[in-house]
Amino acid sequence: MTEAVRIGILGAARIAPMALTDPAKGNPEVEVAAVAARDVSRAQAFAAKHGIARVLDSYDTLIADPELDAIYNPLPNGLHGRWTRAALAAGKHVLCEKPFTANAAEAREIAELAAKSDRVVMEAFHYRYHPLTLRIEEIIASGELGKLTRVDTAMCFPLPKFSDIRYDYSLAGGALMDAGCYAVHMARTFGGSTPEVVAAQAKLRDPRVDRAMTAELRFAGGHTGRVRCSMWSTHLLNMSAHVVGDRGELRALNPVVPSFFHRLTVRSANGKRVERFSRRPSYAYQLDAFAAAVLRGEAVKTTPEDAIENMTVIDAIYRAAGLPLREPS
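Note that this is a predicted model, so its numbers are computed, not measured.

1. A closer look at the nonpolar core
And step 1. Within the largest apolar cluster, 113 residues are counted, with the highest numbers of intra-cluster contacts made by Ile 7, Ile 9, Phe 190, Leu 250, Leu 264, Phe 290 and Ile 317.
And step 2. Discounting chain neighbours no more than four positions away, the residues touching Phe 290 are Val 5, Ile 7, Ala 70, His 93, Val 94, Leu 95, Val 120 and Met 122.

2. Observations concerning the sheet that holds strand β9 (residues 209–218)
And step 1. Strand order in the open sheet formed by eight strands is β8-β9-β10-β7-β11-β12-β13-β14, with mixed pairing between adjacent strands. Looking along the sheet, the strands with just one partner apiece sit at the ends: β8 (196–206) and β14 (271–275). Strand-to-strand twist across the sheet, computed as the mean angle between neighbouring axes with direction ignored, equals 10 degrees.
And step 2. Relative to strand β10 (residues 224–230), β9 is paired through seven bridges, and the arrangement is antiparallel. Its bridge partner being in β10, Ala 215 is matched across the sheet by Val 227.
And step 3. Contacts between helix α9 (residues 304–320) and the sheet are confined to β8, β9 and β10, with β8 contributing the most and set at about 70 degrees to the helix.

3. Here we look at the packing of aromatic side chains
And step 1. Counting across every chain of the model gives six aromatic pairs.
And step 2. Ring geometry for Tyr 127 against Tyr 182: centres 6.5 Å apart, planes inclined by 65 degrees, an arrangement best described as edge-to-face. Taken together, the positions of Tyr 127 in the loop between β6 (121–123) and α6 (131–142) and Tyr 182 in helix α7 (residues 175–191) put the pair 55 residues apart, joining distant regions of the chain.
And step 3. Take Tyr 182: its relative accessible area is 6%, and that puts it in the buried class.
And step 4. Both rings, one in Phe 162 and one in Tyr 167, keep their centres 5.2 Å apart while their planes meet at 65 degrees; by these two values the pair is edge-to-face.

Definitions and cut-offs
- Residues take numbers from 1 onward in each chain, read along the sequence in its written order.
- The model is predicted, so local features are restricted to residues of pLDDT at least 70 and side-chain atom pairs to those at 80 or more, both for listing and for counting; the totals for chains, interfaces and linings are taken over all residues.
- Excluding hydrogens and water, the side-chain figures rest on all heavy atoms present in the structure.
- Nonpolar core, defined: a set of buried Ala, Val, Leu, Ile, Met, Phe, Trp, Tyr and Cys residues in which side-chain atoms within 4.5 Å join the residues together.
- For the exposure calls, accessible area comes from a 1.4 Å probe over protein chains only, and a residue counts as buried if that area is under 20% of its type's maximum, exposed if over 50%, partly exposed in between.
- By definition in these notes, contact holds between two residues if any of their heavy atoms fall within 4.5 Å.
- Pairs of strands are assigned from DSSP output, requiring at least two bridges between the strands.
- Secondary structure counts use DSSP, requiring at least four H or I residues in a row for a helix and at least two E residues in a row for a strand, with both numbered from the N terminus.
- As a rule, the C-alpha atoms of each element are fitted with a line to give its axis, helices using only the stretch in contact, and angles between N-to-C directions run from 0 to 180 degrees.
- Pairing of aromatic rings covers Phe, Tyr and Trp, the last counted by its six-membered ring, and requires centre-to-centre distances within 6.5 Å; plane angles under 30 degrees mean stacked, over 60 mean edge-to-face, and any other angle means tilted.

By themselves these figures say nothing about function.
Written out as C-alpha cells, the structure is:
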C-alpha cells in the first residue's frame, strides 16, 4: 500500500477545491495526482490553479490510470452511479459526492458492486465527520434530552440561476436532490433511524423539478419530524437542525458547513448552554476518514448501505409529492 492515497478527479467541478484539493494540501496521506474533464483546456486550467501534476484526456483514461488509487466523483447527480460503477470495475476506491446516485434502486446496485469488491466507497456527506455532528449524536445518546419527540432539519439556500444543472431533470436535479439530501441525512442521523414519509409538498421550477420541498416524517420510535429544503423559495437561507425530547432540546445552526459559522444550543435540566467547535473544515475531517479507510481499513460513516437508506427516503418524498423519481443520466 502506498503511503499516500493518490486521487484523480472526474471533472473540474466547482466543489472540488473546497471538498478535495484545499484539504489535501494539509493532509500528508493524500495526493491529488490527476484531473480529467470533458474540456481538456478547462482541466488544464484547473490543474494549473490547484497544483495538480497531470491532466488526462478523458474520464475513462483517468479511471484506468494505474498510478491512481482512488477517484473523486463530483459529476452531476445523474452521472454519479455510472462513473462510480466504472471506477469500481477498474479497481479504484471512490469518494462520491452526494447524492450517491439518482435513486434508491441505483444505490442498491452500486452497493452490491462495492460489497463484492475490497474497495472503499464513501458518500461525501462531510458534515457527518465534523466534531459538531459527533457531539450532537453524543448528547442525544446520553439521554440528556430524554425520549425524542421531534426532529426538524433544514437546508435552504438561494440559487436563482435557473439554467444551473442542479435544476436539470435529465441530470437528476431538484432541490431535494441537491440541498434536501443533507436535510434527509441529518434527520436520519439525529432521529436515530430511517423514517417513514407521511406527506410531502413541492414548489416547482417545472413540472418535474422541485425548487423547494417540505416533507413530514414519522420514526420507528414514535417521534415525528420534518425536512425542509429549497434552492429558491421564501426560505432563502436556513441550515439547521432542531431536536426535541421530553426532557430537553438542542438547536444546531449550520451543522452542514460549520467552518463558516455555527452554534449549538442545548436546553435541559442542566440549564442552557452554547457549545462551539473547531473551525477546521468538515471536508478536512472527511478526507481524513477516507484516507484512513483506504490506507488502514478504518470504517467510514457514509457507506453505500447508508446511501441506500438516504435515497429510499428521497424517493419516498418525491412519490408523496407526486413527482417522478430521478433517473440515471
